[in-house]
Amino acid sequence: MEPRNQTGTSEFILLGLSEEAEVQPLIFGIFLSMYLVTFIGNLFIILAVITNSHLHTPMYFFLSNLSFADICFTSSTIPKMLLNIQMQSKVISYEGCLSQIYFFMVFGRLDNFLLTVMAYDRFVAICYPLHYTVIMNPKICGLLLLKSYLLSVLDSLLHDLMILRLSFCTQLEIPHFFCELNQVVQLACSDTFLNDLVMYIANGFLVIIPLTGIILSYSKIVSSILKISSAVGKYKAFSTCGSHLSVVSLFYGTLLGVYLSSAATQSSRKTAIASVMYTVVTPMLNPFIYSLRNRDIKLALK
């Protein structure tokens, strides 16, 4: 295959989850339903937090931003997928592919950082309850949110700029339903060592370190709860972080599942199907987890 630089690359082909024509309407219906549930569910969480003064606390401030990130996360991929199925097209432009990678990574990283910040919030609330309002004041909450956005934007911008240096071959088929960074890099004809290095380093710092922070926070939380003598006190303490712990387990569990499935199989199509869990299912379930396990949210929604 003759290589050509990115200025000559006008479009990519998204192969999707299945190439069987008779399955496309079913895929369209399922993903449209999941997208609407995700959008409406997370929007209700945001509106509940904004309109109810009892929810104007750091925990719900970060929760509303997590819901916003989930809406944008799914909106970066699913609408284009639905449009392609409806138009019976698999094409995405070069610029559209780069934009999709950028916004997908921005809000994916933001999810990661917000879950870490929320774990820190629960750590302060349970381990230092008397100092909670001082430590988690509005200024600190704003700075934590701003840093989360900045790190997400800068990391995503770096990866997009790294793609611009690559030359692509004439075979531009992506075995996925969206432009996934690793899949796009693998299509390049030029040397991708630097791109791979940046990806590994970024994942090391921006995924492993936040996850370590979450684990350390919850180890301290569990240690503090076990010191509470009252069974009722222990239950109340556990209930304040139960929803967040469920979302963290779902988010990182599905990510780990996709990583293990991609390592165990050579089929990119199977990896694409597995990635549906963290790209669509997890953002869809988050509002249900918080609303079903959280009394304040249930009252606000009513």
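Please refer to the structure higher up on the page.
Residues numbered from 1 in each chain as written. Predicted model: local features only at pLDDT ≥ 70, side-chain atom pairs only at ≥ 80, totals over all residues. Heavy atoms only, no water.

A. Structural detail: unusual backbone geometry. Positive phi values are uncommon outside glycine, yet Q88 reaches one of about 55°. Tracing the chain through its elements places Q88 in the loop between α3 (78–87) and β3 (91–93). (Helix = DSSP H or I, 4+ residues; strand = E, 2+ residues; numbered from the N terminus.)

B. Geometry of empty space enclosed by the protein. For the structure on display, the rule yields three cavities of 30 Å³ or more. If you add up the space inside the largest cavity, you get close to 60 Å³. Residue lining of the largest cavity: M59, M118, D121, R122, S239, T240, S243, H244, Y290 and N294, and that is the complete set. When contributions to the lining of the largest cavity are tallied by element, the ones reaching two or more residues are α4 (94–127) and α9 (231–264). Ranked by residues supplied to the lining of the largest cavity, first place goes to α9 with four residues. (1 Å grid on protein atoms, 1.4 Å probe; cavity = no way out; pocket = protein on both sides within 12 Å on 5 of 7 lines; lining within 4 Å. Points joined across faces, edges and corners; volume = space filled by probe spheres on them.)

C. Molecular detail of the nonpolar core. Formed by 83 residues in total, the largest nonpolar core has its most connected members in F12, F31, F168 and V184. By residue number, the principal contributor to this core is α4, which donates 19 residues. For F31, the residues in contact, after removing those within four places along its chain, are L17, I78, M81, L82, V276 and V280. (Core = buried A, V, L, I, M, F, W, Y, C linked by side-chain atoms within 4.5 Å. Buried < 20%, exposed > 50% of the residue type's maximum accessible area, 1.4 Å probe, protein only. Contact = heavy atoms within 4.5 Å.)

D. Fine view of the packing of helix α1 (residues 24–51) against helix α2 (residues 58–75). Two numbers describe how α1 lies on α2: the axes approach to 9 Å, and their chain directions differ by 155°. As the angle between them shows, α1 and α2 are arranged roughly antiparallel. For α1 against α2, the interelement crossing comes out left-handed. On α2, the residues that touch Y35, T38, F39, N42, L43, I45, I46 and V49 of α1 are Y60, L63, S64, S67, F68, D70, I71, T74 and S75. (Axes fitted to C-alpha atoms, helices over the stretch in contact; angles between N-to-C directions. Parallel < 35°, antiparallel > 145°, perpendicular 65-115°, else oblique. Left-handed = near helix turned anticlockwise from the far one by under 90°.)

E. Geometry of the pairing of strand β2 (residues 11–14). Residues F12 and L14 point to one face of β2 and are all buried, whereas E11 and I13, pointing to the other face, are not buried. Relative to β3, β2 runs antiparallel, the two sharing three bridges. In the sheet register, F12 faces β3, and the bridge partner there is I92. With two bridges connecting them, β2 and strand β5 (residues 173–174) associate as parallel partners. Each bridged residue has a counterpart across the sheet, and for I13 the counterpart in β5 is E173. (Pairing = 2+ DSSP bridges.)

F. Here's a closer look at α1. Counted at 1.5 Å a residue, the expected span for α1 with its 28 residues is 40 Å, and the 40 Å between its end C-alpha atoms agrees. When α1 is considered as a whole, its buried residues turn out to be I27, F31, M34, Y35, T38, G41, N42, I45, I46, A48 and V49. (Expected span 1.5 Å × (residues − 1).)

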